[in-house]
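A look at the structure
Here's the letter readout for the chains.
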Amino acid sequence: MLNKSRFILLFFGLFLINSTAFYAQTKSKFKVVLDAGHGGKDPGAMYYGLKEKDIALDVTLRVGKILESNPEIKVIYTRKTDVFIELIDRPKIANKEDADLFISIHCNGVKNIKPYGTETFVMGLSRSAANLEVAKKENSVILLENNYQEKYNGFDPNKPESLIGMKLLQEEYLNQSIDLASKIENNFVVNNKRHSRGVKQSPLWVLDASYMPGVLIELGFLSNKNESQYMNSENGKNEMAQAIAKAIVSYKKDLLGSSGTSVYEPIKEPVKESPKSQTTVEPTKNITVSSSNGIVFKVQISASGTKLEPLPKNFKGLSPISREQDGKLYKYLYAEETDYEQIKKRLEEAKKKGFTSAYLVAYKEGVKISVSEALK
């Protein structure tokens, strides 16, 4: 007889597996929560007379206006004016709405005025010092809130141990978040001719506390004079909004299919359509597993803009390793199993080797599908 806790876990697992099948019956529209970073008494980064909160809000509203022209999409804003919204309330809005996506929009800023380019973050535990600095900056708004120590259970954005201690609550959605982030960065490069610093993982509270796929977009560096001028221009704001909105629509289409309704309407000049992003699986000395139903599971251990050889020495001895290319992003995967219980063991092996953000992915006859769909 199952005890109560095991019964709850079993019930929750079955719910996740069947949630996609019942999507059309439970939701009438695809809900997107747009979160303009900072606001009110929290200006965010400030350089050359510009404030992050103002540019983030302007671009967010433009993204929303484009998306609202699609009858299949419902847009929810965490703020539409210059007001201070506590960090803890931003993901709560998304959770309450049972949203499909959470998009937080920001601008970067550092002491060194040379860095430039866009980057999009997904939730994860990164050891990169640069990524931790971004996490500290975006999480620091907590310190402006009343009773923040009680609200955030002692979490201190300035302490590395607090950042490392944050747990990945949305492992089920990490792959979707990475896919969306890749689309956004690819649009910035192809459509806007921007420099992309890539898709990164970082322990950001606003993503950790939202129970759906989500990304935090850094539009560029306000600390770089040329880039700040672009981000504050009408053309720049329009281009960035279009790139983000187009990525969201593409993500929705890939996930759920589409009636063919397009929401991508350039505000000024037509922007050259980005070629459809394709994932290229590069040949490696990987094991071949046959499956009667065509389902194969792998463990994704990392995603990076850096191309590495899929050799055990580059991945702490793990073998076999395969590499996939999605636009300018390289995804590295460990093992290949047709048995779900076996792939879960490989996942634990990867985490013990230090790949704490590793997660499962699934394929059917070579095409990536959700793990939930594979288990059905």
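Quick note: structure is the one above.
Values in this document were obtained by computation on a predicted structure and should not be read as measured data. (Residues numbered from 1 in each chain as written. Predicted model: local features only at pLDDT ≥ 70, side-chain atom pairs only at ≥ 80, totals over all residues. Heavy atoms only, no water.)

**Digging into the packing of aromatic side chains**
Where we set the bar: Aromatic pairs are defined between Phe, Tyr and Trp rings, using the six-membered ring for Trp, whenever the two ring centres lie within 6.5 Å; interplanar angles under 30 degrees are classed as stacked, those over 60 as edge-to-face, and all others as tilted. Helix numbering and strand numbering both begin at the N terminus, where a helix is a DSSP run of H or I of at least 4 residues and a strand a DSSP run of E of at least 2. Exposure is judged per residue with a 1.4 Å probe applied to protein chains only, and the accessible area is read against the type maximum: over 50% gives exposed, under 20% gives buried, and values in between give partly exposed. Should the NZ of a Lys or the CZ of an Arg lie within 6 Å of a ring centre and within 35 degrees of the ring normal, that charge is described as sitting over the ring.
Using the criterion set out here, one finds four aromatic pairs in the structure. Each ring, one from Phe315 and one from Tyr332, has its centre 5.0 Å from the other, and the planes form 40°; the classification is tilted. Taken together, the residues span a long stretch of sequence, with Phe315 in the loop between β10 (295-304) and β11 (321-326) and Tyr332 in strand β12 (residues 329-337) at a distance of 17 residues. Note on Tyr332: relative accessible area 1%, which makes it buried. The ring of Phe84 carries Lys41 above its face, with NZ or CZ at 4.7 Å from the centroid.

**Thoughts on the environment of Gln300**
Where we set the bar: Whether two residues touch is decided by their heavy atoms; if any such pair falls within 4.5 Å, the residues are in contact.
With respect to the helices and strands, Gln300 occurs in strand β10. With relative accessibility at 1%, the residue Gln300 sits in the buried group. Distance from Gln300 to Leu360, taken between C-alpha atoms, is 6.1 Å for residues 60 residues apart in sequence. Apart from residues lying up to four places away in sequence, Gln300 is in contact with Asn175, Ile178, Lys331, Tyr332, Leu333, Ala358, Tyr359, Val361 and Lys368.

**Notes on helix α8 (residues 174-190)**
For the record, the criterion: Every helix has an expected span of 1.5 Å times one less than the residues it contains.
Taking 1.5 Å of rise per residue, 17 residues should cover 24 Å, and α8 covers 24 Å from first to last C-alpha, within 8% of that figure. Within α8, 15 of the 17 residues are buried, leaving the element largely enclosed by the surrounding structure.

**Digging into the nonpolar core**
Defined as follows: Note on terminology: a nonpolar core comprises buried Ala, Val, Leu, Ile, Met, Phe, Trp, Tyr and Cys residues joined through side-chain atoms within 4.5 Å. Start and end positions for the domains come from either an automated domain assignment or a database one.
Core analysis: the largest hydrophobic core is formed by 46 residues, its most contacted members being Val63, Leu67, Ile103, Leu219 and Ile244. Taken together, domain 1 (30-256) and domain 2 (295-374) each give at least three residues to this core, which thus spans both. Other than its neighbours up to four places away in sequence, Leu219 contacts Ile55, Val59, Ile105, His106, Cys107, Thr118, Phe188, Arg194, Met231, Met240 and Ile244. Counting residues in hydrophobic clusters, the runner-up holds 20 residues, among them Ile295, Phe297, Ile343 and Ala350.

**A word on the pairing of strand β5 (residues 101-108)**
Basically, it comes down to this: We call two strands paired when DSSP finds no fewer than two bridges between them.
With respect to burial, β5 is a largely interior element, eight of its eight residues being buried. Burial along β5 is two-sided: Leu101, Ile103, Ile105 and Cys107 and Phe102, Ser104, His106 and Asn108, pointing in opposite directions, are all buried. Relative to β5, strand β1 (residues 30-36) runs parallel, the two sharing five bridges. Bridging from a neighbouring strand, Val33 pairs with Phe102 of β5. In this structure, β5 lies alongside strand β8 (residues 214-221), joined through six bridges in parallel fashion. Considered in β8, the bridge of His106 is made with Glu218.

**Here we look at the pairing of β11**
Among the six residues of β11, five are classified as buried, and the element is accordingly described as predominantly covered. The sheet contact formed by β11 and β12 spans six bridges and is antiparallel. Its bridge partner lying in β12, Asp326 is registered against Leu329.

**A short note on the pattern of salt bridges**
Convention followed: A side-chain nitrogen of Lys or Arg and a carboxyl oxygen of Asp or Glu constitute a salt bridge if their distance falls within 4 Å.
Taken as a whole, this structure holds 17 salt bridges when the rule is applied. Ionic pairing is found between Lys31 and Glu97, a salt bridge with its closest N-O pair at 3.8 Å. Of this pair, Lys31 sits in strand β1 while Glu97 sits in the loop between α4 (89-96) and β5, placing them 66 residues apart in sequence. Classification of Glu97 by relative accessible area gives partly exposed; the value is 25%. For Arg346, the salt bridge is made with Glu349, and the minimal N-O distance between the two is 2.7 Å. Of this pair, Arg346 and Glu349 both sit in helix α12 (residues 340-352), separated by three residues, roughly a single helical turn. Classification of Arg346 by relative accessible area gives buried; the value is 15%. The exposure class of Glu349 is partly exposed, given its relative accessible area of 31%. Taken together, the salt bridges that share partners define one network made up of Asp58, Arg62, Glu234 and Lys237.

Everything listed here is a matter of geometry and, on its own, says nothing about what the molecule does.
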